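Structural description and commentary
Chain by chain, the residues run as shown.
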Amino acid sequence: MTRSTKRAVRDGALAVFWLWFGARLLNDWFGGVFVAAGEPFFDPQPVADASTALREAVAGTGVLGEPVGWVANGLGSLSFAMTYLPDLAAGAWLTVVLTIFATIFGLVLAVPLAAARVYGRVTHWVALAFIELIRGTPLLAQLFVLYYALPLSRWFAAVPYLGSGIVPEQAVWVAVVGFTINSAAYQAEYIRGSIEGIDPGQLVAARSIGLSRVQGIRYVVMPQALRFAIPSWTNELVYLTKYSSLAAFITVGELFHAARAAAYANYRFLDLFLLAAVVYLALVLSATTVMEWVRGRVAIPGVGGSGDGRMSAD
Amino acid sequence: MDSVFLSAQPLGDWEFVWQQRQFFVEGTRIAVELTFYSIVLGFILGLPAGVVEAYGGPYSKGVVRPVGVAIRGTPILVIIAITYFAFGVSPAFLAATLALGVRSAAYQSQIFRGAIESVEGGQMEAARAVGLSKLDAIRHVVLPQALRRSVPGFQNEFTIVLKDTSIAYAIGVAELLKRSYDLFSLQTSAALEVFLAASLIYFVLTFSVNRGIEVLNDRVAIPGGNY
Amino acid sequence: MAENRLLDVVDVHQSYGEERVLEGISFEMDRQDVKVLVGPSGSGKSTMLRCINRLTDIDEGEIALDGESIYDMNQNDLRRQVGMVFQDFNLFAHLTALENVTLGLKRVRDMSEPDAVEKAARQLESVGLREQANSYPAELSGGQKQRVGIARALAMDPKLMLFDEPTSALDPELIGEVLEVMRDLAEEGMTMLVVTHEMGFARQAATDVLFLEDGELVEQGPPDQLFEAPEQDRTRDFLGRLTSLHGDQ
Ligand SMILES: Nc1ncnc2c1ncn2[C@@H]1O[C@H](COP(=O)(O)OP(=O)(O)OP(=O)(O)O)[C@@H](O)[C@H]1O
Ligand SMILES: [Mg+2]
């Protein structure tokens, strides 16, 4: 396959995924627009029946029946997916919420952190300590500290409307806080790297036309540095999408949590975890695709380049 | 270990952590072992995968690349869960090692591929011009340079694997975080102390590994510069 | 005559995808010939050399070494018999000067370690680098690097040596030491095909100069004839410009 056909296939698959995902969420939030909330859009039963019928038809035909058996298995998997995808959709929604909020809030914290790390004196050490401590300890341990050791969830419990309607409940917000703190530390490092990659002459030139140091950083250095950091953000989004699964351990009903709950109900661990993996993959690919587009949109000739995230997904 | 469950009188929370230090030491040992075996497994699988990605034909690449993309796109938690619950690998320590190792291989292959591709094409060409076969050229000329260049990439990889051993908590491996959680359920008032103590140990470990790799990097450097 | 013939290049065509680089090149080399290949950038000089040791494959035509088609020979064997020296040296960065030379001796010629070391040391000495045997490439000057490159190729006892602009990446004051090694080699009777713009070397050492343009061999002949009385205007133009650029050494 050529590059462009691969891309077309990917975009097509993602479009189907998001059409389904969007319809699913709308349907379930508004009490069943198309079908009853949480019910499959199409009845999986006929597909399952077809699978069983095929399998019975070729039972005992040996090698000849093999290919038909594969079709039967495929149909079986399809009906399985149709049955359980609605359960996973609600979890996937929380995964998306966690990822997006943490990335955005993380960025808001990361910009001053990075500036402090590069340009600060006392603040340099504060930022450095924060960044290194967060990056040097496991995310799950951080979540446990927030959830079990600090009164965060009690505070969130006092906030009105949390957990009602489509507003997620308090554990989700504890997770958002955790992921935000974690992501801020990583994003600050990416931005620091980009700042240091920018010619110091840029700041000198900014000062020479009369901008203050802070203005020079704000209007000249940062706009370039943030563009340089885009490839790292792609990785950050991918990372958060995957690691948001850890929120399951502080009771957040995200994608992994949903798959595990369904698996404990029917013991089809492999099928459900693989299905979850496929949904994660769709989310990860969406993230990289969107960031590719963002990168094209904000590109300035001669400014940009490749950075590294905490791990590159591809 | 059993002493934990016998301690009856209430203790101060830091005192409690100190009293249970043996528990942390054991957890640390398991976390370190898990990291070590996973990285080794990742190396054994990841190096050939990286070579294939750099030099393979359309078929071998066509297999290795998508598998890598799928593994790198899947949360480690899901990989661990599939290994343990779905494939039924047991004991849990083995399942965690396999899961972390295979995932690490997927990332190490990228470290190696990148390092191989960073070795100038002229090196391969010169080796071939002397009469070395392609395999010999890879083995004796490209890889020795690529491996040196991949050392810094291992800082990141080690840190990630070390921290992610904590996720083996999900399948009950008695590593550091799992043990901390057990202690916390024993004396819930000590939550902050217990989890901070565990975090501190992780931090010391990642910090030491990073410094260690920097030292290693200097040790293996080619005189006059790697590049 | 026939047994004195070393290389036959017959009507060679080569292309990279759509781009046609060589369009019917023919020439031959006898033993102890030193031929200098000149031509504008992109004319296909490097490609011609790379075809001879099969770093690049040809589309049409025939190349024979010692009367045997290079496509009938074992590839690694061919490359052992044809030494190559690169413009940017391509020394193995992780190996010392000595190890650069021994690698091929050990892995291709299956020599024992002591034999390989002894031969490599002699080879390095012959290019004036005895002192630098244990230095890594990054610790050598450009001229020293290129002399290691030559020693590395010579150690394989090649029948033919190919040089692709061996002095183009060197600072002017370092060019001399490399040309000197090459002149000595020519005097010892090595068969050499050299891409270079060093006209002084061509005049002194070359038996023939070949002028290549747009993938075609425009003219060839002894240096005096080509420099003083070229038959083609294109040759005169090019050599005139070259001499004014590089001077006569
Ligand atoms: N690996 C390659 N792939 C595609 N095209 C190539 C490749 N190598 C060379 N070419 C093209 O082939 C043509 C001839 O290149 P070649 O390197 O042989 O020229 P040259 O005469 O050695 O030039 P120079 O004096 O610049 O070294 C050029 O147009 C070049 O762009
Ligand atoms: Mg050339």
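Model, not experiment: these values are computed from the prediction. (Residues numbered from 1 in each chain as written. Chains lettered and ligands numbered in written order. Predicted model: local features only at pLDDT ≥ 70, side-chain atom pairs only at ≥ 80, totals over all residues. Heavy atoms only, no water.)

1. Remarks on the interface of chain B and chain C
Counting from both sides, the interface comprises 21 residues of chain B and, opposite them, 24 residues of chain C. When chain B packs against chain C, close to 1,900 Å² is buried across both sides, 62% of that on carbon and sulfur atoms. At the boundary of chain B and chain C, one finds one salt bridge. The shortest N-O distance in the salt bridge between Glu 125 of chain B and Arg 50 of chain C comes to 2.7 Å. Across the contact surface, chain B and chain C share eight residue pairs in polar contact (both at pLDDT 80 or more). (Contact = heavy atoms within 4.5 Å. Buried area = accessible area lost by both parts, 1.4 Å probe. Salt bridge = Lys/Arg side-chain N within 4 Å of Asp/Glu carboxyl O. Polar contact = N/O pair within 3.5 Å; in protein donor to acceptor, adjacent residues only side chain to side chain.)

2. Here's the deal with the site of ligand 1
Residue and element names in this part refer to chain C. In the region of ligand 1, the neighbouring residues are Tyr 16, Glu 19, Val 21, Pro 40, Ser 41, Gly 42, Ser 43, Gly 44, Lys 45, Ser 46, Thr 47 and Glu 165. Within the contact set of ligand 1, a nitrogen atom lies 3.4 Å away from a side-chain nitrogen or oxygen of Tyr 16. Lys 45 has a polar side-chain atom sitting 2.8 Å from an oxygen atom of ligand 1. Protein burial of ligand 1: of its 630 Å² of free accessible surface, 60% is covered by the chains. For the shell around ligand 1, the elements supplying multiple residues, two or more each, are strand 2 (19-30) and helix 1 (45-52). With three residues, helix 1 is the single largest residue contributor to the shell around ligand 1. Looking at the shell around ligand 1 residue by residue, the classes come out as three nonpolar, six polar and three charged. (Near = heavy atom within 4 Å. Areas by Shrake-Rupley, 256 points an atom, 1.4 Å probe, with all protein chains shown as cover. Helix = DSSP H or I, 4+ residues; strand = E, 2+ residues; numbered from the N terminus. Nonpolar A, V, L, I, M, F, W, Y, C, P; charged D, E, K, R; others polar.)

3. Details of the pattern of salt bridges
Residue and element names in this part refer to chain C. Tallying each qualifying case throughout the model produces 33 salt bridges over all chains. Two residues, Arg 54 and Asp 57, come together in a salt bridge whose shortest N-O distance is 3.9 Å. The class for Arg 54 is buried, based on a relative accessible area of 15%. Look at Asp 57 and you get partly exposed, because its relative accessible area is 44%. (Buried < 20%, exposed > 50% of the residue type's maximum accessible area, 1.4 Å probe, protein only.)

4. A look at unusual backbone geometry
The residue after Ser 90 of chain B, namely Pro 91 of chain B, is reached through a cis peptide bond having omega 5°. Within the secondary structure layout, Pro 91 of chain B lies in the loop between helix 5 (76-86) and helix 6 (92-118). Phi is positive for Glu 165 of chain C, close to 45°, though the residue is something other than glycine. As for its position among the elements, Glu 165 of chain C is in the loop between strand 7 (160-164) and helix 6 (172-187). Backbone geometry at Asp 214 of chain C places phi at a positive 45°, although glycine is not the residue there. The residue Asp 214 of chain C is located in the loop between strand 9 (208-213) and strand 10 (216-221) in this model. In this structure Asp 214 of chain C comes out as exposed when scored by relative accessible area, which is 56%.

5. Observations concerning the packing of aromatic side chains
A ring pair, where both rings are aromatic, is described by two values, the distance of the centres and the angle of the planes. With the rule as written, the count across this model stands at 37 aromatic pairs over all chains. Centre to centre, the rings of Phe 269 of chain A and Phe 85 of chain B are 5.2 Å apart; their planes meet at 20°, and the pair counts as stacked. Note that Phe 269 of chain A is positioned in helix 12 (residues 269-298) and Phe 85 of chain B in helix 5, a pairing that runs across two chains. You can call Phe 85 of chain B partly exposed: its relative accessible area is 24%. Taken together, the aromatic side chains of Phe 144, Tyr 147, Tyr 148 and Phe 249 of chain A together with Tyr 169, Tyr 181, Phe 184 and Phe 195 of chain B make up a single cluster linked through ring pairs. In this arrangement the basic side chain of Arg 24 of chain A is found over the ring face of Phe 41 of chain A, its NZ or CZ atom lying 4.5 Å from the centre. When the ring centre of Phe 23 of chain B is taken as reference, the NZ or CZ atom of Arg 179 of chain B above it lies at 5.1 Å. (Phe/Tyr/Trp six-rings, centres within 6.5 Å; stacked < 30°, edge-to-face > 60°. Lys NZ or Arg CZ within 6 Å of the ring centre and 35° of its normal.)

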